[in-house]
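Structure at a glance
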Amino acid sequence: MADEVLRLEKVCKMYNVGLPSQTEVLHDIDLVLRHGEFLALMGPSGSGKSTLLNIVGLLDRPTSGRILIKGRDVGTMGDAEITHLRGHTIGFVFQQHLLISAFTALENVMMPMLADRGFPGPAIAARAQDLMARVGLEKFAGNLAMNMSGGQQQRVAVARALAMNPDLVRADEPTGNLDTKSADGVFELMRQVNREGGTSFLVVTHNMDLARRCDRIIEVVDGRIRPGSGAAA
Amino acid sequence: MNRWLPFEWITAVRFLREGRLQTLFIVSGIAIGVGVIVFMSAMLAGLEANFIKRVLTSQPQIQLQPPDQIARPLRSGPGEIEDAIIQRPSQRIISIDQWPKIREHLLAMPEVRAVSPTIAGSALAVRGDASRSVSISGVEPASYFQIVRIPEYIVAGEPRLTSEDILIGTELAKDLGATVGDKLNIRAASGPTRVLTVTGLFDLGNKGANQRNTYIALRTAQSLLGMIGGVTTIDVTIADIFAAETFARQIQASNVVQADSWITTNAQFFTAVQAQKTSNTLIRLFVGLSVAFGIAAVLIVSVIQRSKDIGILRAMGTSRGQILRVFLLQGGLLGFVGSLFGSAAGAGALVYWHSVLRQADGSEFFPLILEQRLFVATAVLATLTGLLAAMAPALRAANLDPVAAIRG
Ligand SMILES: Nc1ncnc2c1ncn2[C@@H]1O[C@H](COP(=O)(O)OP(=O)(O)O)[C@@H](O)[C@H]1O
Ligand SMILES: [Mg+2]
């Protein structure tokens, strides 16, 4: 149990509760993610992957069921406590709108630390520089998002997701908008971070080639984890 | 990033800088509003200050006089009036009863700045064949000149008033062909005559006053007017000129005198100023409101445009409070920066008008008064307006559902 980063127990999610359009999108999801695991989440469009990732990322609450982050039940936490926990334990990589355009690449990587500490000290800038070097973009630190390719932006986004040294990075189709070569590069970067630093990853992808390089593949179909999926890839 | 600036400040400034054109337009809008307010307020303050200065250096703030002499109706018994027609008696010139006591009483009050007993009457000024009727004010120069700044109006000679001296106006000097150092015969209506030396000529900026007003020493006037030891008025100056009316009522209540403040004697002016102030306040209010709505509109649009940024910031651990403050700050900053440009523009326009607008004789139309206070107050008010206007957009940003924001 001690090496569990995430545990979902009988998680259900309904949208539009109480309205005629009420729909249950996730049904009784049980899922355990151990420390250092790299998990691929696959499944057809509309099957509920993003919904699941939003719940895992503590951006959304389940309609029923329990979520434990490193053994702590988040169901009883208030908004402020959840925000703090999210900032410190979970990193985010999105499919679109990768960086905040008002900031340079380096500043984007600084933002999570800046929001947490309140002031941009030299330690924050130094760590952001290190992370930029780690994703191979130290030369692009001063660039704005619009002056970088999609693959470069996504690498910066990975660096930003790692800024607070999270236990888990959740990435929703991080390579969905990238060409094959860039997609491969970004994926390999995440895999490398996972191997070197032990950060757990939960990555949604439609790319079977990439998924096969993960520790496990989970398939979501119609809001349920397909029985039998989840074995070692 | 400046290491001394907090997250909220850095983010707010970046968002404003990135939204260049929006920011430029709304700052211009605020600047125009603030400029109009600054220009109007400063001009109005100038005109008012000009008038008040003119009034208060040539008139006492409060003037005490003996109470009106009234005729009491004859009564034969309680409630029965013998003669129903009451004629107002002619008002003799009489002295204020026990005036030294009143003066002591006034001087003991902390808000009183100066008290000057004077005696007024009329006389004939004669020089050679020329004679003119004049009004005489007998004054103690030390205290009187604190109230009515005769020395500031002296155009020839000096404001000296020993018992043999007289100060006359420029018009009277012309009429009598007299100048500084000449002697005049002053003959009071009741008979006695004194020979006095002209020590100074003054120009009060009013032809009638320059023709009729003369100033002599209090004692000289008392003997000339046959009222040894008496005074007809006591002039008073207090610290707060706008409290003059209230103070006058207080004095009248506790002394047997008639007290009039400059506020009642210049009632017309005050009605005009009050009307101006009311319309000025209304204009400020509406300009402030339209500025506030402008800021709110721009920020609401910005919240919608930036909803993904907000979603990402929330995902990476930024609290609702931080997002709220980022947008409040944007409102405050817009207000503040707009007020700086607006103040500069308003002041510039005022300086320009001041140099262009001249009266017929080439003198200034209004005095240029640019008080630091006005600019500080404007900046503070504009900043507060911005903060307040940002409230609704900021709340909206803070309560944005990050899931919807990121998906959308
Ligand atoms: N906010 C919402 N309100 C109503 N229905 C939603 C909402 N978000 C997602 N859904 C529905 O939930 C289902 C799962 O969506 P999603 O989790 O985005 O799937 P995936 O990411 O696997 O494509 C879809 O049918 C979608 O239409
Ligand atoms: Mg999805």
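Residues numbered from 1 in each chain as written. Chains lettered and ligands numbered in written order. Predicted model: local features only at pLDDT ≥ 70, side-chain atom pairs only at ≥ 80, totals over all residues. Heavy atoms only, no water.

Quick word on the sheet that holds strand S8 (residues 200-204) of chain A
All names here are of chain A. Put simply, the rule is: In this description, strands pair whenever DSSP reports at least two bridges between them. Put simply, DSSP H or I for four residues or longer makes a helix, DSSP E for two residues or longer makes a strand, and each gets a number counted from the N terminus. In this analysis, two residues are considered to be in contact whenever any of their non-hydrogen atoms come within 4.5 Å of each other. The axes are straight lines fitted to the C-alpha atoms, using for helices just the contacting stretch, and the angles between their N-to-C directions are given from 0 to 180°.
Within the open sheet, the six strands sit side by side as S6-S7-S8-S3-S9-S10. Their pairing is mixed. A strand with exactly one partner marks an edge of an open sheet, and here the two such strands are strand S6 (90-93) and strand S10 (224-225). In this sheet, S8 lies alongside strand S7 (residues 168-172) in parallel orientation, the contact comprising five bridges. Bridging from a neighbouring strand, Asp172 pairs with Val204 of S8. Against the sheet, helix H1 (residues 49-56) engages strand S3 (38-42), S6, S7, S8 and strand S9 (216-221), with an angle of about 155° to S7.

Observations regarding the sheet that holds strand S1 (residues 4-15) of chain A
Residues and elements named next belong to chain A. With respect to topology, four strands assemble into an open sheet ordered S2-S1-S4-S5, the strand pairing being antiparallel. In the strand order of this sheet, the two ends are held by strand S2 (23-34) and strand S5 (72-73), each with one partner. Pairing of S1 with S2 involves eight bridges; the strand directions are antiparallel. Residue pairing for S2: Leu6 is matched across the bridge by Leu33. Along the sheet face, H1 touches S1, S2 and strand S4 (64-69) and points at about 125° away from the line of S1.

Here's the deal with the interface of chain A and chain B
One frequent convention defines the size of an interface as the accessible area lost when the parts assemble. As a reminder, the rule being used: Two parts placed together each lose some accessible area under a 1.4 Å probe, and adding up what both lose gives the buried area. By convention in these notes, a salt bridge is any Lys or Arg side-chain nitrogen within 4 Å of a carboxyl oxygen on Asp or Glu. We define a polar contact as two N or O atoms separated by no more than 3.5 Å, with the added condition that, inside protein, one atom must be a possible hydrogen donor and the other a possible acceptor, whereas residues neighbouring each other in sequence contribute only through side-chain atom pairs.
Chain A puts 27 residues into the contact, and the matching count from chain B is 27 residues. Summed over both partners, the interface of chain A with chain B buries about 2,500 Å², with 65% contributed by carbon and sulfur atoms. With a shortest N-O distance of 3.8 Å, B:Arg314 and A:Asp79 are connected by a salt bridge. On inspection of chain A and its partner chain B, the count reaches nine residue pairs in polar contact (both at pLDDT 80 or more). If you list the elements that add at least two residues to the side of chain A that touches chain B, you get helix H2 (79-89) and helix H3 (105-117) of chain A. Looking at the side of chain A that touches chain B, the element that brings in the most residues is H3(A), giving six residues.

Observations concerning the domain arrangement of chain B
Note the cut-off: What counts as a domain boundary in this text is fixed by an automatic or database domain assignment.
Domain parsing of chain B yields domain 1 (2-55 + 270-407) and domain 2 (93-256). Computed from C-alpha atoms alone, the centre-to-centre distance between domain 1 of chain B and domain 2 of chain B is 52 Å.

A closer look at the site of ligand 1
Put simply, the rule is: If even one non-hydrogen atom of a residue comes within 4 Å of a molecule or strand, that residue is called near it. Residue burial considers only the protein chains on display, and all accessible areas are found by Shrake-Rupley using a 1.4 Å probe.
In the vicinity of ligand 1, the residues found are A:Tyr15, A:Val25, A:Pro44, A:Ser45, A:Gly46, A:Ser47, A:Gly48, A:Lys49, A:Ser50, A:Thr51 and B:Arg407. Residue A:Gly46 places a main-chain N or O atom 2.7 Å away from an oxygen atom belonging to ligand 1. A distance of 2.9 Å separates an oxygen atom of ligand 1 from a polar backbone atom of A:Lys49. Notes on ligand 1: free accessible area 560 Å², of which the protein chains cover 65%.

Description of the pattern of salt bridges
A side chain of one charge can pair with a side chain of the opposite charge when the charged atoms of the two come close. Residue and element names in this part refer to chain A. To keep it simple, the criterion reads: A simple rule labels every residue: compare its accessible area, found with a 1.4 Å probe on the protein chains alone, to the largest value its type can have, and call it buried under 20%, exposed over 50%, or partly exposed in between.
Inspection of the entire model under this criterion finds 31 salt bridges over all chains. In this structure, Arg216 engages Glu37 in a salt bridge whose closest nitrogen and oxygen atoms are separated by 2.8 Å. Here Glu37 lies in the loop between S2 and S3 and Arg216 lies in strand S9, a separation of 179 residues in the sequence. For Arg216, a relative accessible area of 15% translates into the label buried.

Regarding the confidence of the model for chain B
All names here are of chain B. The following threshold applies: The quantity called pLDDT is the predictor's confidence in a given residue, expressed from 0 to 100.
On average, residues of chain B carry a pLDDT of 89, and 94% of them reach 70 or more. Per-element confidence in chain B ranges from a low mean pLDDT of 64 for strand S3 (residues 80-81) to a high of 97 for helix H15 (residues 391-398). Reported confidences for the modelled complex are a pTM of 0.76 and an ipTM of 0.94.

Here's the deal with the packing of helix H13 (residues 320-356) of chain B against H15(B)
All names here are of chain B. Keep this limit in mind: Reported orientations rely on four angle classes, namely roughly parallel under 35 degrees, roughly antiparallel over 145, roughly perpendicular from 65 to 115, and oblique for the rest. A crossing counts as left-handed when the near helix is turned anticlockwise from the far one by less than a right angle, and as right-handed when that turn is clockwise. Here the nonpolar group is Ala, Val, Leu, Ile, Met, Phe, Trp, Tyr, Cys and Pro; Asp, Glu, Lys and Arg are the charged ones; every other residue, Gly included, is treated as polar.
Across the interface, H13 lies against H15 with an axial gap of 8 Å and an inter-helix angle of 150°. Taken as axis vectors, H13 and H15 run roughly antiparallel relative to one another. Two packed elements cross with a definite hand, and for H13 against H15 that hand is right-handed. In this structure, H13 uses Arg320, Ile323, Leu324, Phe327 and Leu328 to contact H15, whose residues at the interface are Met391, Ala394, Leu395, Ala397 and Ala398. When grouped by side-chain class, the residues that make up the contact of H13 with H15 number nine nonpolar, no polar and one charged.

Focus: the packing of aromatic side chains
Quick note on the threshold: Note on aromatic contacts: the rings of Phe and Tyr and the six-membered ring of Trp form a pair at centre separations within 6.5 Å, being stacked when their planes are under 30 degrees apart, edge-to-face when over 60 apart, and tilted otherwise. In this scheme, Lys NZ or Arg CZ marks a charge over a ring once it lies within 6 Å of the ring centre and within 35 degrees of the ring normal.
Tallied over the entire structure, the rule returns eight aromatic pairs over all chains. Consider the rings of A:Phe38 and A:Phe201, whose centres lie 5.0 Å apart with planes at 15°: the pair is stacked. One end of the pair, A:Phe38, is in strand S3; the other, A:Phe201, is in strand S8, with 163 residues separating them in the sequence. Assessed through its relative accessible area of 0%, A:Phe38 is described here as buried. Between B:Phe202 and B:Tyr215 the ring centres are 5.5 Å apart and the planes differ by 65°, which places this aromatic pair in the edge-to-face class. Placement of the pair is B:Phe202 in strand S9 (residues 193-202) and B:Tyr215 in strand S10 (residues 213-217), with a sequence separation of 13 residues. A connected cluster of aromatic rings, assembled from ring pairs, spans B:Tyr144, B:Phe145, B:Phe202 and B:Tyr215. The cationic tip of B:Arg306 hangs over the ring face of B:Phe15; the distance from NZ or CZ to the ring centre is 4.1 Å.

Here's the deal with helix H5 (residues 150-161) of chain A
Test applied: Under the convention used throughout, the expected extent of a helix is 1.5 Å for every residue step, that is, one less than its residue count.
Helix length check: H5(A), at 12 residues, gives a terminal C-alpha distance of 16 Å against a target of 16 Å (1.5 Å per residue), a fit within 8%. Judged by how many residues are buried, H5(A) sits mostly within the fold: nine of 12 residues are covered.

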